[in-house]
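As a plain string of letters, each chain reads:
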Amino acid sequence: MKAVVEKAYAKVNLGLDVLGRRDDGYHEVKMIMQTVDLYDTLEISTGFNEGGITIETSDEAVPDDPTNLAYRAAELVRNEYDLVTGLHIKIDKRIPVAAGMAGGSSDAAAVLRGINSLLGLGASDNKLKDLGKKLGADVPFCISGGCMLSEGIGEILTPVRGLSGVKVLLAKPAIGVSTKWVYDNLELAGVTHPDIDAQIKALENGDAYDVCRNMGNVLESVTIGRYPVIEDIKKVMTENGAEGAMMSGSGPTVFGIFKDGEKADMAYESMKESRLAKDIILTGTYNRPDNME
Ligand code: ATP
């Protein structure tokens, strides 16, 4: 038996714009993806189950069957490389589920990376991103993570200097939101588009205040319309000293950015007392070496 352990990091969006809907139904996006220091741990091992794929998860909200994105990622690599090796994938889930933090996509990316190194397939990051695209728009980003401008349907990725030296408070209310439902209900006419180019400039300047000023997410119009608790959570964050607070992805997780660590600690306590959120996590950003300057 051989085994490998991979970390699958969560992300938040420091900016999320939708430019339009393509004829094939996909949306053209322009987003800033930022990895945060919160991860699932996946152990992938060979020598099991006579050539099949099995999944074990620590969270009952996550399927342990072929609908799990991690399973689909393993199946994809096996087909691509004509592999017959049996694989067992054990997921220790810490990223909240259906939260707007790319938990499933990140697990899938970790499986692609893990099998590549476990079986010595020699696939480049670009090859893994191409494979990942077939599983979901956020998977290519999750192959490398860090901080990226993401365009097209999510597959055109350009590294951007990452946000650093801040605390990030994550708060998810006790609801799960389907990404498909949010996009299906998005009315682009009349929405306020965030200035993603200004956001890139703020990041490149290393100016956390400006980053917070330029945060914007067009999907808030849909998700907050249906779940006003998201606005209430944002308010708790800003009243407790967040420089900026916004919904991540299609929601419902809200993240707050704090320059001041003590204020972040106090905001964490206030969030608990408010009882608005089920999952509350205080962490930081996580950047790759080439994202640091
Ligand atoms: P994104 O930010 O990419 O839209 P998300 O964080 O909102 O993703 P996920 O946590 O990936 O959403 O979960 C969406 C649904 O996918 C869940 O309801 C779950 O049933 C299913 N799912 C399949 N595989 C996984 C996985 N490995 N981890 C979590 N959810 C999974």
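This text gives an overview of the structure that appears in the document. (Residues numbered from 1 in each chain as written. Predicted model: local features only at pLDDT ≥ 70, side-chain atom pairs only at ≥ 80, totals over all residues. Heavy atoms only, no water.)

### A word on the site of the ligand
For the ligand, the set of nearby residues contains 19 residues, the closest of which are A98, G100, A102, G104 and T179. Between a nitrogen atom of the ligand and a side-chain N or O atom of K93, the distance comes to 3.0 Å. The backbone of G100 places a nitrogen or oxygen atom 2.8 Å from an oxygen atom of the ligand. For the ligand, whose unbound accessible area comes to 620 Å², protein coverage reaches 78%. Of all the elements, helix α2 (residues 103-118) adds the most residues to the shell around the ligand, at four residues. Residue classes in the shell around the ligand are distributed as eight nonpolar, seven polar and four charged. (Near = heavy atom within 4 Å. Polar contact = N/O pair within 3.5 Å; in protein donor to acceptor, adjacent residues only side chain to side chain. Areas by Shrake-Rupley, 256 points an atom, 1.4 Å probe, with all protein chains shown as cover. Helix = DSSP H or I, 4+ residues; strand = E, 2+ residues; numbered from the N terminus. Nonpolar A, V, L, I, M, F, W, Y, C, P; charged D, E, K, R; others polar.)

### Quick word on the packing of helix α9 (residues 229-239) against helix α10 (residues 261-274)
At their nearest, the axes of α9 and α10 sit 9 Å apart, and the two run at 145° to each other. Viewed along their axes, α9 and α10 form a crossing whose handedness is right-handed. Along its contact with α9, which presents I233, V236 and M237, the element α10 presents S270, M271 and S274. Split into classes, the residues belonging to the contact of α9 with α10 amount to four nonpolar, two polar and no charged. (Axes fitted to C-alpha atoms, helices over the stretch in contact; angles between N-to-C directions. Left-handed = near helix turned anticlockwise from the far one by under 90°. Contact = heavy atoms within 4.5 Å.)

### Some points on the packing of aromatic side chains
With the rule as written, the count across this model stands at two aromatic pairs. Ring centres of Y9 and Y286 lie 4.1 Å apart, and the angle between their planes is 15°; this geometry places the pair in the stacked category. Of this pair, Y9 sits in strand β1 (residues 3-21) while Y286 is found in the segment after β10 (279-284), placing the two residues 277 residues apart along the sequence. In this structure Y286 comes out as partly exposed when scored by relative accessible area, which is 36%. Cluster of aromatic residues (ring-pair linked, three or more members): Y9, Y39 and Y286. (Phe/Tyr/Trp six-rings, centres within 6.5 Å; stacked < 30°, edge-to-face > 60°. Buried < 20%, exposed > 50% of the residue type's maximum accessible area, 1.4 Å probe, protein only.)

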